[in-house]
Amino acid sequence: MNTLIRPWGLSPKSLTYLLAPYRITTTTLATLAPISSGVSGGAISTPMDSTHIPSASTSLQPLGTSTQVMVTSTITRPQISASVRPLRHISMMMCGRNQEYAHQATRWLKSIILMLTAKYSKAAFDYHLWVIWDDAAEDILKHQFLRLQNLSSRLENENSRSLTMSFFNVRALEAKYGKAVNLFARCAMVPLMQHELLPPYIKEIQLFGADEVVVDDLDLVWEEAKRMGWDGTKLLACAEECVEPRSTCGFYNKRKMNRFGHNGLASGSTMFGIENMRKHDFSGWLAGALKKYRVIDNGDQDFMNIYAREHPEHVSLLQCNADVRTDAGCDIEAMPPIVLHGNRQTFSSTKKGIPQWRAFGKRVDALFELLETKGPKELPGTSLWDGVGEQTRRGLMNTLIRPWGLSPKSLTYLLAPYRITTTTLATLAPISSGVSGGAISTPMDSTHIPSAST
């Protein structure tokens with residue numbers, strides 16, 4: 001018995017539990033047309049929403065590669081609650097055996113579970129988490145993630161939203177791309193390759209790193225993204241590297257060669273249009289870009305900026321409160337944070353960490369312990385950001401570099417230096433799958449990046 005992997009459980013006593021997500025019950029099974037002996041079609045004909053699982057006739061082969069995708073394990077758990085909510089997809093990437101980073105990844109998942117409680121959300125959507133990791137990260141994280149998954153399952157009975165999980169290993173990407181997967185850092189390029197791992201029915205996804213904490217309802221990110229141009233035609237949406245002062249702040253102030261817009265784009269909490277990545281052959285573009293661009297300082301983030309510079313009609317902004325960092329210059333008094341990003345190890349318990357961010361992390365752990373022991377009704381406040389308390393909040397806010405501001409509500413402002421507006425984007429000639437050329441053709445001055453053809 002000691003060799004049997006925990007946690008343990010029993011299967012449900014009927015199919016009703018498994019069929020719940022598909023809006024079908026055992027009562028209606030008898031009325032369905034007979035199922036053919038082939039693999040196409042099937043009894044389940046009407047999925048919950050547009051993110052449904054395809055029939056068996058749909059290939060799960062990743063785009064542009066013959067490499068077999070290795071799914072190390074998958075948890076599939078249907079929704080228990082009587083209400084049926086649409087599904088949104090999020091992903092998290094973790095590689096290596098760094099125990100400090102693993103602890104932060106576990107805290108990130110705790111913040112997701114807290115966010116999904118009825119106390120801290122509007123309960124408009126359920127979520128599916130796709131975890132992408134290597135063997136080392138799986139070894140140190142899998143047991144803890146499964147334990148938290150089981151807790152989340154129990155919380156559904158208290159009107160919390162559901163969270164399901166699936167796991168992918170990066171081996172398939174390493175087989176295709178080799179060392180390019182680890183450009184800049186271990187697994188650093190995986191965010192730009194994840195569409196080759198994910199199933200074809202996923203249209204869009206929000207990616208997180210292990211060093212982030214979700215402090216408010218993620219539905220707010222999607223709502224604000226739609227107001228800022230995320231309309232189903234985009235391939236990429238992310239926050240600016242910094243907001244204020246314009247054109248003189250942040251990493252890309254000194255690395256203008258790979259910068260998009262005034263301040264560049266940041267890769268934290270990025271939203272990807274998975275369907276559009278396949279439609280526009282982003283894999284082909286990336287393969288060409290990996291060969292063409294040799295001066296890459298910041299891994300996937302540099303390639304996001306280069307792609308945005310070449311194809312701005314495929315890009316929209318996220319407001320800065322979706323990726324709050326110490327140097328983001330985001331006015332979180334005007335728009336409270338949704339995601340805190342502890343880049344440069346600000347959440348770390350080592351000397352590299354910032355005491356106020358460490359204190360915030362410990363409050364998150366304490367709130368989660370309260371959730372485990374007493375349930376969601378005992379959680380303080382109306383969000384995680386509210387629940388940590390005024391002193392903890394104010395301490396973190398004091399570490400945020402000023403001046404503060406907010407990002408523009410559309411790309412028009414950022415595109416002005418290139419003599420192009422969002423109105424004219426629709427008139428552009430079709431973009432080729434290669435890296436040459438691009439929509440931006442004439443920069444205004446020497447402080448802005450030339451197009452790839454220059």
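If you're wondering where the values come from, they're calculated on a predicted model, not measured in any experiment.

### Observations concerning the pairing of strand β3 (residues 126-133)
Burial of β3 is extensive: eight of the eight residues sit out of reach of the surface. The pairing of strand β2 (residues 87-94) with β3 spans eight bridges and is parallel. Paired with Leu87 across the bridge in β3 is Asp126. Following the backbone out of β2, through helix α3 (residues 99-115) and into the adjacent parallel β3, one traces a crossover that is right-handed.

### With respect to helix α10 (residues 355-374)
Residues separated by three or four positions in an α-helix point in the same direction, a consequence of the helix having 3.6 residues per turn. The first and last C-alpha atoms of α10 sit 28 Å apart over 20 residues, in line with the 28 Å expected at 1.5 Å per residue. Along α10, the residues classified as buried are Trp357, Phe360, Gly361, Val364, Asp365, Leu367, Phe368 and Leu371. The arc enclosing the buried residues of α10, seen along the axis, measures out at 160 degrees, which places them on a common side. In α10, the exposed residues that point more than 90 degrees away from the buried face are Pro355, Lys362, Glu369, Thr373 and Lys374. Just downstream of α10 lies Gly375, where phi reads positive at about 90 degrees.

### Section: the packing of helix α4 (residues 135-155) against α10
At a minimum axis separation of 11 Å, α4 and α10 run at an interaxial angle of 55 degrees. By the angle between their axes, α4 is oblique relative to α10. In the packing of α4 onto α10, the handedness of the crossing is left-handed. Of the residues in α10, those touching α4 at Arg147, Leu148, Leu151 and Leu155 are Phe368, Leu371 and Glu372.

### A few points about the layout of surface pockets
Taken as a whole, the largest pocket holds about 1100 Å³ of empty space. Lining the largest pocket are 37 residues, with Tyr101, Phe184, Asp211, His341 and Asn343 sitting closest to its centre. Residue assignment for the lining of the largest pocket shows that the elements contributing at least two residues are β2, α3, β5 (205-209) and α9 (299-310). Its residues assigned to classes, the lining of the largest pocket shows twelve nonpolar, 15 polar and ten charged.

Criteria and thresholds
Residues numbered from 1 in each chain as written. Predicted model: local features only at pLDDT ≥ 70, side-chain atom pairs only at ≥ 80, totals over all residues. Heavy atoms only, no water. Buried < 20%, exposed > 50% of the residue type's maximum accessible area, 1.4 Å probe, protein only. Helix = DSSP H or I, 4+ residues; strand = E, 2+ residues; numbered from the N terminus. Pairing = 2+ DSSP bridges. Right-handed = clockwise from strand over helix to strand, strands pointing away. Expected span 1.5 Å × (residues − 1). Arc of directions from axis to C-beta. Axes fitted to C-alpha atoms, helices over the stretch in contact; angles between N-to-C directions. Parallel < 35°, antiparallel > 145°, perpendicular 65-115°, else oblique. Left-handed = near helix turned anticlockwise from the far one by under 90°. Contact = heavy atoms within 4.5 Å. 1 Å grid on protein atoms, 1.4 Å probe; cavity = no way out; pocket = protein on both sides within 12 Å on 5 of 7 lines; lining within 4 Å. Points joined across faces, edges and corners; volume = space filled by probe spheres on them. Nonpolar A, V, L, I, M, F, W, Y, C, P; charged D, E, K, R; others polar.

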